[in-house]
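Each chain is listed here by its residues.
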Number of protein chains: 2
Amino acid sequence: MLVKAKVAQAIELLNEFDVDCWITFVRESDINGDPILDYVVGTDVTWHSAFIITASGETHAIVGQFDTQSILDTGAYQHVQGFVQGIKEPLLECLQRINPRQIALNYSIGSEICDGLTHGMFLTMQGHLSEIGFQDRIISAEHIVSALRERKAAPEIQAIREAIAHTEDIIKAVSGYIQPSKTEIDIARFIQGKFEEKGLPPAWDIHTCPAVYTGPDITDPHYPPTDRVVEGGHVLSMDFGVRVDGYCSDMQRTFYVRREEEDAVPAQVQHGFETIVEAIDRSRQALKPGVIGLDIDTIARDHVVACGYEEFAHGLGHQVGRFVHDGTALLGPAWEKYAQKPFQKIYENMVFTIEPRLTVPGYGVVTIEEMVVVKATGAEFLSTPQQELIVV
Amino acid sequence: MLVKAKVAQAIELLNEFDVDCWITFVRESDINGDPILDYVVGTDVTWHSAFIITASGETHAIVGQFDTQSILDTGAYQHVQGFVQGIKEPLLECLQRINPRQIALNYSIGSEICDGLTHGMFLTMQGHLSEIGFQDRIISAEHIVSALRERKAAPEIQAIREAIAHTEDIIKAVSGYIQPSKTEIDIARFIQGKFEEKGLPPAWDIHTCPAVYTGPDITDPHYPPTDRVVEGGHVLSMDFGVRVDGYCSDMQRTFYVRREEEDAVPAQVQHGFETIVEAIDRSRQALKPGVIGLDIDTIARDHVVACGYEEFAHGLGHQVGRFVHDGTALLGPAWEKYAQKPFQKIYENMVFTIEPRLTVPGYGVVTIEEMVVVKATGAEFLSTPQQELIVV
């Protein structure tokens, strides 16, 4: 169902970008799958396989003989051709007939999500195409792949909404569980127990989903929970998500563990928390179709620095989809590792996280991660934004 | 543990192949992971990451700052360096100091298991290296990656043995379950129930693990079970495996469903079965270090054809490891899609399937898949070979 709709959307995108032929070229997708396969095929393939979509609306699948029935079953390809010994002959025959001006392939220097073609498969395709003089028609399919993942259809956004609702349920439950003497690992196990109760997979590797950090003496993000013990006076944060129908949520929440003698949250902690809430709100309000992510990142980054904190060592927010880090456009700074991502134009129906971060010395890390969807008039919260510290 | 042992083995292999520097270069391994990461890193990474191993025994990991602690924890790298903005500067500094004659990268036209580097990442590395004049030192790491996966350590073979033992348990159990009126889907669910009881993941995608085929009117291998009903006079076959500690089993067994009036297996079916058993035995006896897979495939293929059947439309057998189709060397014919695989020399401690196949018209497909390990003196069965049709 999704595959058919996405193949139809791909044909529209080819016309929008004036590219006349796009090929997803894979083999043994269980080993080196192209992340776009879920959108244009929806099943694994074994041997060299070419999924050819043209701007004129033709769809061809050329696959190993034993995979033909699975591909026919998707109903997404008008022409499905099987081979026994090798793909070269049927592939070149098909391309000679189409005779496209360009042949877009899934590679990209700057966007990993558009970089599903391995170098060996690139060389294979280049070698085959050179036999019919087409090797100079190869271009990157980055724009097509990006847009197909990023401009989400209603059922994709709905799945993300459901994943968020489950995540918020779990946050509520774990709020009643956290207390001094529990360890980060205890808290992580509690959350993972909820994943199991709900029958939902974690949004990323279970070793760091959830991530849980308590107190001032913690390590970097992306590190698994430890046996560090929750104590009064700790700022505690967590980062996790689940998958619904293959689509992810990704949220962070910050808690404060009250000391026995305290009747209010320490002023420094409260100030840090309010800084993050305000950074999220300012950047969300500026996020809308046509802007670029660099400018949104700058708004939050400048606010955090203006409030007296070090700038966060990562981008403000990423897109979310079938991967927790999805899409090309990023709300991020102009750093080498982000390549062209912060400069991509924002479109309607993109789903982003917003997740600034700061350290309150002596207490811990304050970090909130909200999720928003970009609509024609601006970004709307998909998550219920955290407005107050959760005090335990 | 395995990672440390495999990194040590990699250093030996670099010396054996006279390559002085090997780099595994990945980013967002959750999206486009290199299948060798499990062997040389054992954890996911987020940003551009370079794992550099030299013939002189140096090991360097250059990774995004937030991933440094996870990499330090593996204990496999002497030098772990984190970066915030981009990998280029620390990478080039490290390589200029090493000044290697060759820089082996994970790409291959003919072997998907050695082709973990995406084309975008190849272009990125090439671009960085060209800034220090090293771009012409790039070579394929195919031999290193192949050997590291293929020449298995004792704990790897032990895990495969355990996966096979579980598979044989399940075959025994399902033999008592199959009877006329059950469907392929019923049988598959029974087997998957056993996976769950044992807490073991299937060796490949659950949609086709197990594959179950009953009777003469079936589709191609790789197709999911259907609601086709088991009847007397059917040859029934199944293909499945499980994973233990990440390592796979992969086995096929053939059953005959007796008609009420029959007191013996029909002669044609028995002849087909014996042909397959004999093909396996002849090819296994020829399989030993130093031979090439093409010659082993030919022995089985010729026997099947000499017994009056069409030749099977696939290779005789593949290696098994962390993937069910693993390694480069293949027991297969010289077909385009198998590239150089049938011509690779066989080494000790490789694990192969042997799985010839034939159709008995009017009855169904006879197919047995055994697993063997190559020892110095020849190939030994890891599975308990099927010597008789399982009659139900």
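Bear in mind the structure is a predicted one, so any value in this text is a computation, not a measurement.

## Thoughts on the relation of the copies chain B and chain A
The transformation that overlays chain B on chain A combines an axial shift of 0.0 Å with a rotation of 180 degrees, and the residual RMSD is 0.0 Å. On the angle and the small slide along the axis, the relation comes out as a two-fold axis. In this assembly the copies share their binding face: 100% of the residues contributing to the interface of chain B also contribute to that of chain A.

## Notes on the sheet that holds strand 11 (residues 251-256) of chain A
Residue and element names in this part refer to chain A. Spatial ordering of the open sheet is given by 7-8-11-19, a layout of four strands whose pairing is mixed. This sheet does not close on itself; its edge strands, each paired only once, are strand 7 (211-214) and strand 19 (390-391). Judged from the four bridges that link them, strand 7 and strand 8 (residues 235-240) form a sheet pairing that is antiparallel. Bridging from a neighbouring strand, valine 212 pairs with methionine 238 of strand 8. Contacts from helix 8 (residues 154-175) reach strand 8, strand 11 and strand 19 within the one sheet, and its direction differs from that of strand 11 by about 15 degrees.

## A word on helix 9 (residues 184-198) of chain B
All names here are of chain B. Here helix 9 spans 21 Å end to end across 15 residues, near enough to the 21 Å set by a 1.5 Å rise per residue. Restricting attention to buried positions, one finds in helix 9 the residues Glu184, Ile187, Ala188, Ile191, Gln192 and Phe195. The buried residues of helix 9 all sit within an arc of 135 degrees when viewed along its axis, so they share a single face. Relative to its buried face, helix 9 has exposed residues pointing more than 90 degrees away, namely Arg189, Glu196 and Glu197.

## Considering the environment of B:Val360
Considering the arrangement of structural elements, one finds B:Val360 in strand 15 (residues 357-360). The spacing of B:Val360 and B:Val235 is 125 residues in sequence and 8.4 Å in space, taken between C-alpha atoms.

## As for the pairing of strand 8 (residues 235-240) of chain B
Residues and elements named next belong to chain B. The buried count for strand 8 comes to six of six residues, which makes it a mostly enclosed element. Neither face of strand 8 is open: one carries Val235, Ser237 and Asp239, the other Leu236, Met238 and Phe240, and all of them are buried. Of the strand pairs in this sheet, strand 8 and strand 11 (residues 251-256) are connected by six bridges, and their pairing is antiparallel. Along strand 11, the bridge assignment pairs phenylalanine 240 with methionine 251.

## Side note on the sheet that holds strand 7 (residues 211-214) of chain B
Ordered in space as 7-8-11-19 (chain B), the four strands form an open sheet in which the pairing is mixed. Here the strands that pair on one side only, and so sit at the sheet edges, are strand 7 and strand 19 (390-391) of chain B.

## Points about the pattern of salt bridges
Residue and element names in this part refer to chain B. All told, the structure shown has 38 salt bridges over all chains when counted by the stated rule. Between glutamate 131 and lysine 88 there is a salt bridge whose closest N-O contact spans 3.0 Å. Residue glutamate 131 is located in the loop between helix 6 (119-130) and strand 6 (138-140), and its partner lysine 88 is located in helix 5 (residues 88-98); the two are separated by 43 residues in the primary sequence. When the shortest N-O distance is used, the salt bridge between lysine 194 and glutamate 197 registers 3.5 Å.

## Looking at unusual backbone geometry
Going from A:Cys209 to A:Pro210, the amide bond is cis rather than trans, its omega being 5 degrees. Even without a glycine there, the phi angle at B:Glu28 is positive, about 40 degrees. Tracing the backbone through its elements, the reader meets B:Glu28 in the loop between strand 1 (21-26) and helix 2 (29-32). B:Glu28 sits in the buried class, given a relative accessible area of 10%.

## A word on the packing of aromatic side chains
Residues and elements named next belong to chain A. A full pass over the atoms with the stated rule returns 14 aromatic pairs over all chains. Pairing tryptophan 47 with phenylalanine 66 gives two aromatic rings, centres 5.7 Å apart and planes at 65 degrees, and the pair type is edge-to-face. With tryptophan 47 in the loop between helix 3 (37-40) and strand 2 (49-54) and phenylalanine 66 in the loop between strand 3 (59-64) and helix 4 (68-74), the pair connects residues that are 19 residues apart, well separated along the chain. Take tryptophan 47: its relative accessible area is 12%, and that puts it in the buried class. Judged by its relative accessible area of 7%, phenylalanine 66 is buried. Each ring, one from tyrosine 256 and one from tyrosine 363, has its centre 6.4 Å from the other, and the planes form 55 degrees; the classification is tilted. Of this pair, tyrosine 256 sits in strand 11 while tyrosine 363 sits in the loop between strand 15 (357-360) and strand 16 (364-367), and the two are 107 residues apart along the sequence.

## Some details on the domain arrangement of chain A
All names here are of chain A. Taken domain by domain, chain A comprises domain 1 (2-149) and domain 2 (151-391). Each of domain 1 and domain 2 has a C-alpha centre, and the two are 36 Å apart. Residue-level contacts link 20 residues of domain 1 with 15 residues of domain 2. When domain 1 packs against domain 2, the two sides together hide about 1300 Å² of surface, and 40% of this comes from carbon and sulfur. Where domain 1 touches domain 2, the interface holds five salt bridges. With a shortest N-O distance of 2.7 Å, glutamate 112 and lysine 341 are connected by a salt bridge. Across the contact surface, domain 1 and domain 2 share twelve residue pairs in polar contact (both at pLDDT 80 or more). Secondary-structure elements contributing two or more residues to the side of domain 1 that touches domain 2 are helix 1 (2-17), helix 3 and helix 7 (142-150). Considering only residue class, the side of domain 1 that touches domain 2 consists of nine nonpolar, five polar and six charged.

## With respect to the interface of chain B and chain A
Each side of the interface is counted separately: chain B has 56 residues, and chain A has 56 residues. For the pair chain B and chain A, the two sides together bury roughly 4900 Å², of which 54% comes from carbon and sulfur. The largest contributions to the chain B side of the interface with chain A come from B:Phe66, B:His119 and B:Lys337, which together make up 15% of the buried area. Across the contact surface, chain B and chain A share two salt bridges. At the junction of chain B and chain A, the tally comes to 31 residue pairs in polar contact (both at pLDDT 80 or more). Counting residues per element, the ones that place at least two in the side of chain B that touches chain A are helix 2, helix 4 (68-74) and helix 6 of chain B. With seven residues, the top contributor of residues to the side of chain B that touches chain A is helix 6 of chain B. Residue classes in the side of chain B that touches chain A are distributed as 20 nonpolar, 23 polar and 13 charged.

## Describing the packing of helix 10 (residues 267-286) of chain A against helix 11 (residues 293-306) of chain A
Residues and elements named next belong to chain A. Running from N to C, helix 10 and helix 11 cross one another at 155 degrees; their axes reach a closest spacing of 8 Å. Judged on the interaxial angle alone, helix 11 and helix 10 are roughly antiparallel. Crossing of helix 10 against helix 11: the hand is right-handed. Residue-level contacts link Thr275, Glu278, Ala279, Arg282, Ser283 and Ala286 of helix 10 to Ile296, Ile299, Ala300, His303 and Val304 of helix 11. Residues belonging to the contact of helix 10 with helix 11 are distributed by class as follows: six nonpolar, three polar and two charged.

What counts as what
- Residues numbered from 1 in each chain as written.
- Chains lettered and ligands numbered in written order.
- Predicted model: local features only at pLDDT ≥ 70, side-chain atom pairs only at ≥ 80, totals over all residues.
- Heavy atoms only, no water.
- Least-squares fit on C-alpha atoms with pLDDT ≥ 70 in both.
- Contact = heavy atoms within 4.5 Å.
- Pairing = 2+ DSSP bridges.
- Helix = DSSP H or I, 4+ residues; strand = E, 2+ residues; numbered from the N terminus.
- Axes fitted to C-alpha atoms, helices over the stretch in contact; angles between N-to-C directions.
- Expected span 1.5 Å × (residues − 1).
- Buried < 20%, exposed > 50% of the residue type's maximum accessible area, 1.4 Å probe, protein only.
- Arc of directions from axis to C-beta.
- Salt bridge = Lys/Arg side-chain N within 4 Å of Asp/Glu carboxyl O.
- Phe/Tyr/Trp six-rings, centres within 6.5 Å; stacked < 30°, edge-to-face > 60°.
- Domains from an automatic or database assignment.
- Buried area = accessible area lost by both parts, 1.4 Å probe.
- Polar contact = N/O pair within 3.5 Å; in protein donor to acceptor, adjacent residues only side chain to side chain.
- Nonpolar A, V, L, I, M, F, W, Y, C, P; charged D, E, K, R; others polar.
- Parallel < 35°, antiparallel > 145°, perpendicular 65-115°, else oblique.
- Left-handed = near helix turned anticlockwise from the far one by under 90°.

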